[in-house]
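# Structural overview
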Amino acid sequence: MSHILGVRQAQKQKTRQALLDAALELLEHQSLSSLGLREVTRAVGVAPTAFYRHFRSTADLGVALVEEALGSLHPMIRTTVSTTGDSDRRIARAIELISGHVDTHPAHVRFIARERHGGVQPVREAIRDQLARFTEEVKTELAKDPEAEGWSDDDLLMLAGLYVDQMLMTASLLLEAQEATEEQRERVTRVAARQLRLIGVGRAHWLD
């Protein structure tokens, strides 16, 4: 009996992931607010009623996509605020990691960039809540830095928010530049490096 339950659970998880993957592909060219569940189930090859075994609505599916899309960002955020190596190396490493993430997860980056201010409220709130958790995580990392001595919690949270916002903006710009010329992509990278350097300068002299 346990074997049968295990097989059923594995099949259920497989179908759920297939629905997520199909939705993400369909969202390459439209917003979540215009996506119909029949489109998603048709792409997977299951009956529309099967959708409700996994998600309450397309908004619920969108929230699951938020968790999937943002779940892989933790290493990138940690690298962005890393204190290992000199400033230029840290910035270069952070941009390289962001660029690599965009190259390997373009659909996730596009989904978050579009739906962060999109028309589906539960998804907007899910993105906001996830980013707030990321910001708290970054604040915790920043507080470990000897340079953070004397900083208030509010100031550390403000700095963390700058890093998170910069990371998302850089990822979005790099995504837009994927089909641009090499010169345009290099310009995006240079601007991102300068912006991170500016945050770093402000961080070093905030208490002066």
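Residues numbered from 1 in each chain as written. Predicted model: local features only at pLDDT ≥ 70, side-chain atom pairs only at ≥ 80, totals over all residues. Heavy atoms only, no water.

With that settled, the discussion passes to the overall build of the protein chain. Each helix and strand in the protein chain was counted, giving ten helices and zero strands. For the protein chain, with 208 residues in total, the buried portion stands at 39%. In the protein chain, 66% of the contacts between residues at least 6 apart in sequence involve partners at least 24 apart. Accessible surface for the protein chain amounts to roughly 12,000 Å². Of this, 52% is attributable to carbon and sulfur atoms. (Helix = DSSP H or I, 4+ residues; strand = E, 2+ residues; numbered from the N terminus. Buried < 20%, exposed > 50% of the residue type's maximum accessible area, 1.4 Å probe, protein only. Contact = heavy atoms within 4.5 Å. Areas by Shrake-Rupley, 256 points an atom, 1.4 Å probe, with all protein chains shown as cover.)

With that out of the way, let us pick up the side chain of H54. Mapped onto the secondary structure, H54 falls in the loop between α3 (48–51) and α4 (58–71). When its relative accessible area of 16% is taken as the criterion, H54 is described as buried. Excluding residues that lie within four positions of it along the chain, H54 makes contacts with K12, T15, R16, L19 and D60.

Next up on the list: helix α8 (residues 121–143). The end-to-end C-alpha separation of α8 is 33 Å, in line with the 33 Å expected for 23 residues at 1.5 Å each. Turning to α8, its buried residues are V123, A126, I127, Q130, L131, F134, T135, V138, K139 and L142. (Expected span 1.5 Å × (residues − 1).)

Another point: the pattern of salt bridges. Throughout the structure, instances matching the rule amount to ten salt bridges. Residue R56 is joined to D60 by a salt bridge in which the shortest nitrogen-to-oxygen separation is 3.4 Å. Since its relative accessible area comes to 67%, R56 is described here as exposed. Between K144 and E141 there is a salt bridge; the shortest N-O distance is 3.2 Å. Take E141: its relative accessible area is 29%, and that puts it in the partly exposed class. (Salt bridge = Lys/Arg side-chain N within 4 Å of Asp/Glu carboxyl O.)

Another aspect to go through is the nonpolar core. Formed by 56 residues in total, the largest nonpolar core has its most connected members in L61, L65, V66, F111 and V123. The set of elements that each furnish at least two residues to this core consists of α1 (2–26), α2 (37–44), α4, α6 (87–104), α7 (106–115), α8, α9 (153–176) and α10 (182–205). When residues in this core are grouped by element, the largest group, ten residues, is from α9. Excluding anything up to four places from it in sequence, L61 contacts L19, L20, A23, V40, F51 and F55. (Core = buried A, V, L, I, M, F, W, Y, C linked by side-chain atoms within 4.5 Å.)

This brings us to the confidence of the model for the protein chain. Residues with a pLDDT of 70 or more make up 90% of the protein chain, whose mean pLDDT is 88. Least confident of the elements in the protein chain is helix α5 (residues 74–80), whose mean pLDDT is 66; most confident is α2, at 94. (pLDDT = per-residue confidence, 0-100.)

Moving on: the packing of α8 against α9. Where α8 contacts α9, the axes come no closer than 8 Å and their chain directions differ by 120°. Between α8 and α9, the angle falls in the class oblique. Between α8 and α9 lies a crossing of right-handed hand. Contacts from L131, F134, T135, E136, V138, K139, L142 and A143 in α8 reach D153, L156, L157, L159, A160, G161, Y163, V164 and L168 in α9. The residue inventory of the contact of α8 with α9, partitioned by class, reads twelve nonpolar, two polar and three charged. (Axes fitted to C-alpha atoms, helices over the stretch in contact; angles between N-to-C directions. Parallel < 35°, antiparallel > 145°, perpendicular 65-115°, else oblique. Left-handed = near helix turned anticlockwise from the far one by under 90°. Nonpolar A, V, L, I, M, F, W, Y, C, P; charged D, E, K, R; others polar.)

Another point: the packing of aromatic side chains. To describe a pair of aromatic rings, one takes the distance between the centres and the angle between the planes. Taken as a whole, this structure holds three aromatic pairs when the rule is applied. With a centroid separation of 5.6 Å and 85° between ring planes, the pair formed by F51 and Y52 is classed as edge-to-face. Residues F51 and F55 carry aromatic rings whose centres are separated by 5.7 Å and whose planes lie at 45° to one another, so their mutual orientation is tilted. Take F51 and F55: they sit in the same class, and that class is buried. (Phe/Tyr/Trp six-rings, centres within 6.5 Å; stacked < 30°, edge-to-face > 60°.)

Turning next to the side chain of Q30. Among the structural elements, Q30 can be located in the loop between α1 and α2. A distance of 3.1 Å separates a polar atom in the side chain of Q30 from a polar atom in the side chain of S34. Residues within four places of Q30 in sequence aside, it is in contact with L35, E39 and R114. (Polar contact = N/O pair within 3.5 Å; in protein donor to acceptor, adjacent residues only side chain to side chain.)

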